[in-house]
Amino acid sequence: MPISCPNFRTQFPLPQPTRQTNYTPPNLGISPSIFHSNLSSNSANYPSSRCNCRQTISSATAQDYSGTLQFESMDSGNYSKELEVAVKAVHMACLLCQRVQDSLLSKTNEEHVQSKDDDSPVTIADWSVQATVSWVLSEAFGCESVSIVAEEDVEALSKTDSISILNAVTRTVNGCLAEAPFFGLRAPSTPLTTCEVLKAISRCNSTGGPTGRFWVLDPVDGTLGFVRGDQYAIALALIEDGEPVLGVLGCPNYPMKKEWLSYPYGYHRIISRLTSVSMDKGCVIYARKGSGDGAWMQPLLLDKEKKFVWPNSARQINVSTIDNPALATFCEPVEKGNSSHSFTAGLAHTVGLRNEPLRVYSMVKYAAIARGDAEIFMKFARSGYKEKIWDHAAGVVIIEEAGGVVTDAGGHPLCFSKGIYLEGLDRGIIACSGAALHDKIIRAVDASWNSSGL
């Protein structure tokens, strides 16, 4: 029996609604951003992520890490309002996820973790983040002007036997939205009902495409890492006419300081409970395409601080300048289900990579390269697996604006203009801190692909 919402046009479960047409915005104009420090524009050195299957990228300039640079405002410039609202929404989602993860790890909440058709887990955090971000974007830009591609739907959540989960999601969403004023955003005048929460989730029904504007959201990328108390990410990107123009990655368990990466995250949790040692847990990383601003990272707001002032002590980040394979670190997925570890291990040996791979869940791998904590990310999917745009859009913008390169294994930009999948992908995805390493990986793939069995 479906859950009936009197104020909603239909009952749930319902057939997948007709996907929205992407919104085409008016001309916003462009004006320069204001900085304390004069940052030179390097946009000419960045490869375009616009889909062009014939284009091969062979060069990129990696900038030296420039330390902490404070800036006054990003109120000026193209997509500035979109970026600020997106960062705040992701920041709120990070705090929401931290609370849910702590709850999952501190007691038995198996009823709040379900399995989707592909056996991947989905939690109240996935639905809660999607509802929260959908509501925030719609309030900021208007429901009719917001088109969102997102991973979750309401089919499972709207079943009668899921009423306890739906109620938990609704409480979680309302608790998060009540904090909106601390981020300079408007909170709902009254708590959202279950029907309104379902409506916010189901509003994310765009299928993308080559024209217009749409947002791409992965509410909890790396849900398996999330339920295990490990790394995960909240990823939000804006795509205009098939090209990602801004990206935001929230990494609640990714420490601000690189030295903490050598310890398992469970160790971080124990240390924080037993001592007063601060790990500067969590960060939000973001960038605007071709703005000349570069990529930026801000610390995750602590609950006790309760006040977010844009840009919240952001500092510029850059990719690593390491181009010697023997010194480079490469990232790969933790799970072997949809990627080939054996092939990437063979490539690593061929290229001369000697460091142990950094295996982390989710798009935290993109954050690691953008911050200079690693130099290479390789993913080669097993036969039959199709990469989805929400797993890569935000990370691509951030790495490219931090000075790196992201292409498929043929050297072509990733194509975000053909729906929810990365159609036309040549074998796999390669992200590198610079052109030298990228070219070596491309050549190694060409030399060994026929014997890969993929």
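Predicted model, so just to flag it, every value in this text is computed and none were measured.

Undergrad: Looking at this model, I keep getting lost on the sheet that holds strand β5 (residues 233-240). Mind explaining?
TA: Backbone hydrogen bonds are what pair the strands of a sheet, in a parallel or an antiparallel way. Read across the sheet, 7 strands follow the order β3-β4-β5-β6-β7-β8-β9 without closing on themselves; strand pairing throughout is mixed. The open sheet has two edge strands with one neighbour each: β3 (148-150) and β9 (315-317). Between one strand axis and the next, the sheet turns through 20 degrees on average, direction left out of account. In terms of strand pairing, strand β4 (residues 213-221) meets β5 through 7 bridges, oriented antiparallel. Paired with phenylalanine 214 across the strands is isoleucine 239, a residue of β5. Packing of helix α1 (residues 80-106) onto the sheet brings it into contact with β4, β5, β6 (243-251), β7 (283-288) and β8 (295-299), and relative to β6 it is tilted by some 30 degrees.

Undergrad: Could you clarify how one ought to interpret the packing of α1 against helix α3 (residues 163-177) in this entry?
TA: Geometrically, a packed helix pair is captured by the angle between its two axes and the distance between the axes. Where α1 contacts α3, the axes come no closer than 10 Å and their chain directions differ by 135 degrees. Taken as axis vectors, α1 and α3 run oblique relative to one another. Relative to α3, the crossing made by α1 is right-handed. Between α1 and α3, the contacting residues are Met92, Leu96, Arg99 and Val100 on the first element and Thr172, Cys176 and Leu177 on the second. Tallied by class, residues from the contact of α1 with α3 come to 5 nonpolar, 1 polar and 1 charged.

Undergrad: Looking at this structure, I do not really get the sheet that holds strand β11 (residues 358-359). What am I missing?
TA: Within the open sheet, the 5 strands sit side by side as β11-β10-β12-β14-β13. Their pairing is mixed. Since the sheet does not close on itself, it has two edges, and those belong to β11 and β13 (405-408), each with one partner. On the sheet, helix α10 (residues 435-448) packs against β12 (376-379), β13 and β14 (429-432) and is oriented at approximately 155 degrees with respect to β14.

Undergrad: Quick question: what am I supposed to make of the pairing of β12 here?
TA: Consecutive side chains along a regular strand alternate between the two faces of the sheet. Every second residue of β12 is oriented toward a common face, with Ile376 and Met378 on one face and Phe377 and Lys379 on the other, all of them buried. In this structure, strand β10 (residues 330-332) lies alongside β12, joined through 2 bridges in parallel fashion. Along β12, the bridge assignment pairs phenylalanine 330 with isoleucine 376. As paired elements, β12 and β14 share 4 bridges and run antiparallel to each other. The partner of lysine 379 across the bridge, within β14, is isoleucine 429.

Undergrad: Any chance you could explain the nonpolar core here in plain terms?
TA: It is characteristic of soluble globular proteins that their nonpolar side chains tend to be buried jointly. Residues Cys97, Trp215, Val248 and Tyr286 are the most contacted members of the largest nonpolar core, which totals 66 residues. Tallying contributions element by element places α1 first for this core, with 14 residues. Once residues within four sequence positions are removed from consideration, cysteine 97 is found in contact with Ala125, Val129, Val220, Phe226, Tyr232 and Ile234. Listed in part, the 44 residues of the second largest apolar core include Val149, Met363, Ala367 and Phe416.

Undergrad: Would you mind going over the pattern of salt bridges with me for this structure?
TA: A side chain with one charge may pair with a side chain of the opposite charge, provided their charged atoms come close. Summed over the entire model, instances satisfying the criterion amount to 12 salt bridges. A salt bridge links glutamate 400 to lysine 289, with the nearest nitrogen and oxygen atoms 2.2 Å apart. In this pair, glutamate 400 sits in helix α9 (residues 393-401) while lysine 289 sits in the loop between β7 and β8, placing the two residues 111 residues apart along the sequence. Across the pair arginine 427 and aspartate 446 runs a salt bridge, and its minimum N-O distance is 3.1 Å. Placement of the pair is arginine 427 in the loop between β13 and β14 and aspartate 446 in helix α10, with a sequence separation of 19 residues. What emerges from the salt-bridge pattern is a single network uniting Glu82, Arg213 and Glu240.

Undergrad: Is there a simple way to think about the packing of aromatic side chains in this case?
TA: For any pair of aromatic rings, the description rests on two quantities: the centre-to-centre distance and the angle between the ring planes. In total, this model carries 9 aromatic pairs according to the counting rule given. Each ring, one from phenylalanine 380 and one from tryptophan 449, has its centre 6.1 Å from the other, and the planes form 45 degrees; the classification is tilted. Here the residue phenylalanine 380 occupies a position in the loop between β12 and α9, and tryptophan 449 occupies one in the segment after α10, the gap between them amounting to 69 residues. Each member of the pair, phenylalanine 380 together with tryptophan 449, is buried. Grouping aromatic residues by their ring pairs yields a cluster made of Phe183, Tyr286, Phe308 and Trp310. Above the ring of tyrosine 421, the side-chain terminus of lysine 386 is found at 4.5 Å from the ring centroid. Stacked on the ring of tryptophan 449, the Lys or Arg arginine 427 has its end atom at 5.8 Å from the ring centre.

Undergrad: Could you clarify how one ought to interpret the confidence of the model for the chain in this entry?
TA: Keep in mind that low pLDDT regions are not for reading the predicted coordinates in detail. For the chain, mean pLDDT is 80; residues scoring 70 or higher make up 72% of the total. Every residue in residues 25-47 is under pLDDT 50, and counting partners more than four places away or in other chains gives 42 contacts. Confidence drops under pLDDT 50 across residues 53-75; counting only partners more than four residues distant or on other chains, this segment forms 75 contacts.

Undergrad: Honestly, the side chain of arginine 371 in this entry has me stumped. Any pointers?
TA: Position of arginine 371 relative to the elements: it lies in helix α8 (residues 364-371). Owing to a relative accessible area of 9%, arginine 371 belongs among the buried residues under this scheme. At 2.8 Å, the side chain of arginine 371 forms a polar contact with the backbone oxygen of proline 255.

Undergrad: Would you mind showing me how to read the environment of lysine 81 here?
TA: The topology assignment puts lysine 81 in helix α1. A relative accessible area of 47% means that lysine 81 is categorised as partly exposed. For the pair lysine 81 and alanine 140, spaced 59 residues apart in the sequence, the C-alpha separation amounts to 9.2 Å. In this structure lysine 81 touches Ala140 and Phe141, once residues within four positions along its chain are discounted.

The rules behind these values
- Counting from 1, residues in each chain are numbered in the order their sequence is written.
- The predicted nature of this model means local features are confined to residues of pLDDT at least 70 and side-chain atom pairs, given and counted, to a pLDDT of 80 or more, with totals for whole chains, interfaces and linings taken over all residues.
- Note that the side-chain values use all heavy atoms of the structure and ignore hydrogens as well as water.
- Strand pairing is assigned whenever DSSP identifies at least 2 bridges connecting the two strands.
- Going along the chain from the N terminus, every DSSP run of H or I of four or more residues is numbered as a helix, and every run of E of two or more is numbered as a strand.
- Here, axes are lines fitted to C-alpha atoms. For helices the fit covers the stretch in contact, and angles between N-to-C directions go from 0 to 180 degrees.
- Residue contacts are defined here by distance: any two heavy atoms, one from each residue, within 4.5 Å place the two residues in contact.
- For classification, angles of less than 35 degrees are called roughly parallel, those exceeding 145 degrees roughly antiparallel, those between 65 and 115 degrees roughly perpendicular, and all remaining angles oblique.
- For any pair of crossing helices, the crossing counts as left-handed if the nearer helix is rotated counterclockwise from the farther one by less than a right angle, and right-handed if it is rotated clockwise.
- Residues are sorted three ways: Asp, Glu, Lys and Arg are charged, Ala, Val, Leu, Ile, Met, Phe, Trp, Tyr, Cys and Pro are nonpolar, and all the rest, Gly among them, are polar.
- Only protein chains enter the accessibility calculation, which uses a 1.4 Å probe; a residue whose area is less than 20% of its type maximum is buried, one above 50% is exposed, and one in between is partly exposed.
- Within this scheme, the nonpolar core is defined by two criteria: the residues are buried Ala, Val, Leu, Ile, Met, Phe, Trp, Tyr or Cys, and they are joined through side-chain atoms within 4.5 Å.
- A pair is scored as a salt bridge if a Lys or Arg side-chain nitrogen falls within 4 Å of a carboxyl oxygen belonging to Asp or Glu.
- Aromatic pairing here means that ring centres of Phe, Tyr or Trp (its six-membered ring) are within 6.5 Å. Orientation follows from the plane angle: under 30 degrees is stacked, over 60 is edge-to-face, and everything else is tilted.
- A ring has a charge above it when a Lys NZ or an Arg CZ is no more than 6 Å from the ring centre and no more than 35 degrees off the ring normal.
- Confidence per residue, as judged by the predictor, is encoded in pLDDT with a range of 0 to 100.
- Any pair of nitrogen or oxygen atoms within 3.5 Å is treated as a polar contact; in protein, a donor-acceptor pairing is required on top of that, and neighbouring residues in sequence qualify only through side-chain atoms on both sides.

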